[in-house]
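# A look at the structure
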Number of protein chains: 2
Amino acid sequence: MKTYQEMTLAERQAEYAALCRTHQEQKALGLDLNMARGKPGREQLDMVMEMYNIPLTADDFITDGIDARNYGYVAGIPIARRLFADLLGCKPGQVIAGGNSSLEMMFDAVSKAYTHGLLHSEKPWGKLDRVKWICPVPGYDRHFKVTESFGMELLSVPMTETGPDMDRVEQLIRDPEVRGMWNVPKYSNPTGITYSLETIHRLAAMKPAAPDFMLMWDNAYCVHELEGDFVPFPDILSLCAEYGNGDMVYEFASTSKITFPGAGIACGAVSEANVEYFKNLLNIQIISYDKMNQLRHVRYLKDKETTLALMRRHAAILGPKFRAVEDELDRHLAPWGIASWSHPKGGYFVSLDAMPGTARRALELCRDAGVTMTAAGATFPYGVDPQDSNIRIAPSLPPVHELEQAIAILCDCLRMAALEKLGI
Amino acid sequence: MKTYQEMTLAERQAEYAALCRTHQEQKALGLDLNMARGKPGREQLDMVMEMYNIPLTADDFITDGIDARNYGYVAGIPIARRLFADLLGCKPGQVIAGGNSSLEMMFDAVSKAYTHGLLHSEKPWGKLDRVKWICPVPGYDRHFKVTESFGMELLSVPMTETGPDMDRVEQLIRDPEVRGMWNVPKYSNPTGITYSLETIHRLAAMKPAAPDFMLMWDNAYCVHELEGDFVPFPDILSLCAEYGNGDMVYEFASTSKITFPGAGIACGAVSEANVEYFKNLLNIQIISYDKMNQLRHVRYLKDKETTLALMRRHAAILGPKFRAVEDELDRHLAPWGIASWSHPKGGYFVSLDAMPGTARRALELCRDAGVTMTAAGATFPYGVDPQDSNIRIAPSLPPVHELEQAIAILCDCLRMAALEKLGI
C-alpha cells in the first residue's frame, strides 16, 4: 500500500472521491459525538456514587476539634490537607485544601499576583508594563486562556519527550518580564509525556530574573495511570526548596478525575511561607471552602493506598477507551503516513499531529459529520497552532462503540484534508 | 437609680470598685466565650443534617438533561438558578448559581473590575489612579476589608433607621472616582435595619458619574426573619432596570445561614447582559461550580415556601438567643444610661452603641474576662470607629446560658469603661 506522498495525482483523486462518498454517508447519519473535553464518562461517575453510601452523622463532621459544617479554617480541615500531602509527597502544612476547582485556584493565584502581588513581588503585576509567561506547546488550552485573559505575552516553548525544551526555558527566564510558566508535569495535557528527572531538577534549580516567578505545577494527573502500577513522581516542593527556590513553585491537584468533576476537592501546595501569605489574602476573600465536601472525600478516599485502588478501577474503564482510539488510528490512519500520535500511559488525552496545514480543515470536516473535537489550535497560545497540525483527542466521555465511530470519521477527515493539501 | 452621668464622683468610685471586684471574680472563672462572628450554632447545624437523609441515586443527579456530577454549566444547574430567583424575586436567567461563598463571589466581582474591567468599564480599575467606594457605617467588616485590600479609598456614610444617608450618597456619586457601594439592605449587618422603600428607589435611580458603578446588594438575610412572618422585599434588579440602571446592580445571597455555613450554595444575581459578560469571564476561571451541592440543596429546600418553613425553625432556635441578649442588656445596662442598642427583627446581629470613647476599652476588659467580641472599630472602614462606640454582638453561636454569662460580663465591662471615661 502506498502512502499519500507516494501516490500519483490520479490515485489521490480516486482516493479522495471515495472518501467524499463515505463522508456524505457519515453526514447523513446525523451523529452527535463529542470528544472535545476530558470529561469522565457516566460509568466512572456511577462507580464513585458509593462515596455517598458511607453514612455520616453530625458527630462524624467534627474532626481535630473542628466542626467541618461551620465557618472557618480557610486552609481546609487537617485531614484533607494530610490526604493531599500523602498523594503529592509534600507536607500537610504546605497544603491549602480548597474548593471544587484547581483551575480556579490557579486563576486566583495569578489574579492575586495582578491585584495584590505575590510574596516576593515588588508591586502588583497590574502596575507592570508587561508580563510574559512561558507555555510549553502543545499544552492545556485552559491554562493558556487564563494567562491570555490577563493580557500577558505568551511565549511558546516546544514540548519534547522529556518535558519542555529546557535550554530555551533557561534562556527565557533571564528576562525579568518573564514571570511564570505552565506545567503539567505528569501525563502532560495533551501529549501524555512525563517530565524526566533531569527536566524536573533543571526547573527546580532555575534562577529566574523575576523575583516573583511562578513555576505553575499542575499535577492534575498525579495518580491517573491508565495501565499498570502507580508511577512515583518527585515532590517538586522539597526539590525547589533544596535549590533555594522554595517560594517559586505553585503546585495544584484535585479529585475532579478521582471522584466527581466539578464536585471534587482541589488543593494548592506551596511553601510554608506562601501558605501564610495566601492564607492572609484568602481570609479577606472567603470564610472557608466547603469543608463538608473535604471531610466526605477523606472518609471515602482515606489515604494514598485506597485512592490508588480506586484509580485502578477508573483505569479499568478508561484503558479500553484509549486502546480503542489507538487501534482505530492504527487501522484507519497509520497506512497513509500522514499523522503520528501519542501512546499515553496516563492522563486523559491522545495527542495527534496531522500533516502540517490540515488540522483545522480536518476538524471542520469532522464537525460536518457530527463529531466535535477540541478546536484546532486550542493547544497553543492564542489558539493558533503555527503548524496547524496538533489535534487533542479526549477518549474518556463516549462509550467505546461511539469512540470507534468518531475516530473512524476523524481518520477519514484527516485523510481528506491531507489529500486536499497534497493536491487533487 | 441614678445614671452614671448623674452620679457624684464618690458614687462613681464606689460603683467602679464594686465592678472591679466582680471583674476579678469573672477573670478567675477562666471563661472562653465567643460572640465575635455570626456563626450558626450547633443545634442549627444538627437540624439541617436532614438534608443528607434524602436518598439520591445516580439518576437523581440528572436534571434538565444535565448530569450535575460532570463538568460544565458555569452559571449553575437551572433548578438552582430557579430556586434563588424564587427567593430573591428576580428571573432565573439573571442568576449565576455558584459555589459555597457569596463573599467569594463579591470579592471576585471586584477583582474582575480590577483585572479585566466590568461591562461598562473604560479600562480595568487596576489602570486607574484612584478608586473610591461608599461604605454605610456601621457596616460589615468583611465587606470593608475586601475593598480596602484592593487599595480603595473608603468613604463612610452614616446608616440611619431607613438606610444609608441618601443625600450624602447622591452627592458622593457625582465624583467619577466613586465606583461602588456596599449594601446589606435587609436586616443590615450590624444594625439590623431594613432599607425603606424610598431609600431603595433612590438607590435604584442613582445616576453615578462612573459608568461602571457597582451597587453591591448583599441580600445575606433575605429570608432570615427572627420572629413573625417573612417580610417581602423589593426585587432590586427590576427596580434598577426600570430606572435604566439594569447593569449597575450586583445582588448576592447564599444558603450559608439556611443550610450549612461554608457548605451551602451562593449566588450572584445581575442583569442578563451582566450574566453573559460574567459567564464569559468565569469560563476562563472555572469549569463549573459544585453542581452536586446545588442539586442536593434544591432537593431539600425545594422552593420559597419550603425554605421559609425551615427558616421558621431556625428562628425558633435563634429567637430565644436574641431575646436573652436584649433581656440582659435591659437588665444590666439600661439603668446606667451609657449605651443604646438595636432590636433586630432579623439577621444575625445586635448593634450596640456604647458611650463614645469606651468601646475599645470595654472589649479589652471583656477579653481579660474570657469573652471575645468582634473587635471594636471592625464595623468601620480601616477598622477605625471615629466615635470608638459601636460594638457588634453576635448571639447565634453560644447556647443561651453562655450568652447570658457573656452579656453580663460585657455589661460590666461597658460600665467600667464608662466610669473610667467619666472620671473616677
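If you check an unreviewed UniProt entry, chain A appears there as Aminotransferase class I/II-fold pyridoxal phosphate-dependent enzyme from Brotocaccenecus cirricatena.

### A short note on the side chain of Lys186 of chain B
Residues and elements named next belong to chain B. With respect to the helices, strands and loops of the structure, Lys186 is situated in the loop between β8 (178–181) and α7 (197–204). Exposure remark for Lys186: the relative accessible area of 1% places this residue in the buried category. Polar side-chain contacts of Lys186 include one of 2.8 Å to the backbone oxygen of Cys222. Those residues in contact with Lys186 that lie beyond four places of it in its chain are Ile193, Thr194, Asn219, Tyr221, Cys222, Glu225, Phe230, Val231 and Phe233.

### Details of the interface of chain B and chain A
Each side of the interface is counted separately: chain B has 56 residues, and chain A has 56 residues. Buried area between chain B and chain A, both sides added, is near 4,600 Å², and the carbon and sulfur share of it is 54%. Where chain B touches chain A, the interface holds 4 salt bridges. When the shortest N-O distance is used, the salt bridge between Arg42 of chain B and Asp59 of chain A registers 2.9 Å. Among the elements of the structure, α2 (42–48), α4 (102–115), α5 (141–149), α9 (272–285) and α10 (291–301) of chain B are those that each provide at least two residues to the side of chain B that touches chain A. Considering every element that reaches the side of chain B that touches chain A, the biggest residue donor is α4 of chain B, with 7 residues. By residue class, the composition of the side of chain B that touches chain A is 25 nonpolar, 16 polar and 15 charged.

### Describing the pairing of strand β13 (residues 350–354) of chain B
All names here are of chain B. Across the 5 residues that make up β13, a large majority, 4, are buried. Pairing analysis gives 3 bridges linking strand β12 (residues 339–341) to β13, with the strands arranged antiparallel. Paired with Trp341 across the bridge in β13 is Leu352. The pairing of β13 with strand β15 (residues 390–393) spans 4 bridges and is classified as antiparallel. Directly across from Val350, in β15, lies its bridge partner Ile393.

### Focus: the domain arrangement of chain A
All names here are of chain A. If you check the domain split of chain A, you get domain 1 (9–45 + 308–422) and domain 2 (64–302). Computed over C-alpha atoms, the centres of domain 1 and domain 2 are 30 Å apart. Listed per partner, the contact involves 30 residues of domain 1 and 32 residues of domain 2. Taken together, both faces of the contact between domain 1 and domain 2 bury some 2,700 Å²; the carbon and sulfur share is 63%. The interface formed by domain 1 and domain 2 holds 3 salt bridges in total. Glu227 is the partner of Lys345 in a salt bridge, and the nearest nitrogen-oxygen pair spans 3.7 Å. The interface formed by domain 1 and domain 2 contains 8 residue pairs in polar contact (both at pLDDT 80 or more).

Quick notes on the rules
- Residues numbered from 1 in each chain as written.
- Chains lettered and ligands numbered in written order.
- Predicted model: local features only at pLDDT ≥ 70, side-chain atom pairs only at ≥ 80, totals over all residues.
- Heavy atoms only, no water.
- Helix = DSSP H or I, 4+ residues; strand = E, 2+ residues; numbered from the N terminus.
- Buried < 20%, exposed > 50% of the residue type's maximum accessible area, 1.4 Å probe, protein only.
- Polar contact = N/O pair within 3.5 Å; in protein donor to acceptor, adjacent residues only side chain to side chain.
- Contact = heavy atoms within 4.5 Å.
- Buried area = accessible area lost by both parts, 1.4 Å probe.
- Salt bridge = Lys/Arg side-chain N within 4 Å of Asp/Glu carboxyl O.
- Nonpolar A, V, L, I, M, F, W, Y, C, P; charged D, E, K, R; others polar.
- Pairing = 2+ DSSP bridges.
- Domains from an automatic or database assignment.

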